[in-house]
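# Overview (structure and organization)
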Amino acid sequence: MAYSEKVMDHFANPRNVGELADANGIGEVGNPKCGDIMKMYIKVENGVIEDVSFKTFGCGAAIATSSMATELIKGKTVDEALKLTNKAVMEALDGLPPVKVHCSVLAEQAIKSAVSDYYRRQGIDPTPIVGELEEDCHACEI
Ligand code: FES
């Protein structure tokens, strides 16, 4: 299966790339097997994600899914961002080849990791809100 036009677009012209100087939540997830690393920066004000950016060292699908994920959570509340699933990111990209589904899991986990960091900086334990993070992408091991 080939990549959709949207995947190719977000891979070639990723949105919201780079570091966010005034981020108050930074998340990082990676997979030691494929070696891909995704870093997500969020700036939260009054419970709303005012700005978001990412840096991904990884495959094209990982870059496209992180780009789309940032677009989907920008301007949303933290609670809404936590509900973003890798499935929703894939649908927004018009699908991914089955072997690349795990890359979208990394994007979902990167958001959760950034939100966890945000809560931690506020002195709040993120685990009851965000849940346990899957630091590693299990699908990569299949
Ligand atoms: Fe893309 Fe594993 S190969 S994240």
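Note that the coordinates shown come from a computational prediction; the quantities given were computed from them, not determined experimentally.

A few words on a nonpolar patch on the surface. Judged by side-chain polarity, Y3, M8 and F11 come together as a nonpolar surface patch covering roughly 270 Å² of accessible area. Here Y3 is to be found in the segment before α1 (5-12). Residue class for Y3 comes out partly exposed when judged on its relative accessible area of 34%.

On to the packing of aromatic side chains. The relative placement of two aromatic rings is captured by the distance of their centres and the angle of their planes. Tallied over the entire structure, the rule returns one aromatic pair. Ring centres of Y118 and Y119 lie 5.5 Å apart, and the angle between their planes is 55°; this geometry places the pair in the tilted category. Y119 shares its class with Y118; the two are buried.

What follows is about the sheet that holds strand β2 (residues 37-45). Taken in spatial order, the three strands line up as β1-β2-β3 in an open sheet, and their pairing is antiparallel. Each edge of the open sheet carries a strand with a single partner, namely β1 (25-30) and β3 (48-57). The mean angle between the axes of side-by-side strands here comes to 15°, regardless of whether they run parallel or antiparallel. Of the strand pairs in this sheet, β1 and β2 are connected by six bridges, and their pairing is antiparallel. When the sheet's bridge partners are listed, V29 is paired in β2 with M38. Running over the sheet, helix α2 (residues 60-73) touches β2 and β3 and is turned about 175° from β3. Together, β1 and β2 form the strand contacts of helix α5 (residues 101-121), whose direction differs from that of β1 by roughly 145°.

Averaged over all residues, the pLDDT of the protein chain is 92; the fraction at 70 or higher stands at 93%. Confidence, expressed as mean pLDDT per element, reaches its minimum in the protein chain at helix α6 (residues 127-130) with 94 and its maximum at helix α3 (residues 78-82) with 98.

Although it is not a glycine, N16 adopts a positive phi angle of roughly 60°. Residue placement: N16 occurs in the loop between α1 and β1. Of the residues examined, N16 reaches a relative accessible area of 18% and is grouped as buried. The backbone phi angle of N46 is positive, close to 50°, even though this residue is not glycine. Tracing the chain through its elements places N46 in the loop between β2 and β3.

Looking now at α2. The terminal C-alpha atoms of α2, which comprises 14 residues, lie 20 Å apart, in line with the 20 Å expected from a rise of 1.5 Å per residue. Among the 14 residues that make up α2, 11 are buried, leaving the element largely enclosed by the rest of the structure. For α2, the set of buried residues is A61, A62, I63, A64, T65, S66, S67, M68, A69, T70 and I73. Packed against the buried residues of α2 are α1, β2, β3, α3, α4 (86-92) and α5. Following α2 by one or two positions, G75 adopts a phi angle in the positive range, close to 85°.

Conventions used here
Residues numbered from 1 in each chain as written. Predicted model: local features only at pLDDT ≥ 70, side-chain atom pairs only at ≥ 80, totals over all residues. Heavy atoms only, no water. Patch = residues over 30% accessible without salt bridge, like charges linked within 9 Å, V, L, I, M, F, W, Y side chains within 5 Å. Areas by Shrake-Rupley, 256 points an atom, 1.4 Å probe, with all protein chains shown as cover. Salt bridge = Lys/Arg side-chain N within 4 Å of Asp/Glu carboxyl O. Helix = DSSP H or I, 4+ residues; strand = E, 2+ residues; numbered from the N terminus. Buried < 20%, exposed > 50% of the residue type's maximum accessible area, 1.4 Å probe, protein only. Phe/Tyr/Trp six-rings, centres within 6.5 Å; stacked < 30°, edge-to-face > 60°. Pairing = 2+ DSSP bridges. Axes fitted to C-alpha atoms, helices over the stretch in contact; angles between N-to-C directions. Contact = heavy atoms within 4.5 Å. pLDDT = per-residue confidence, 0-100. Expected span 1.5 Å × (residues − 1).

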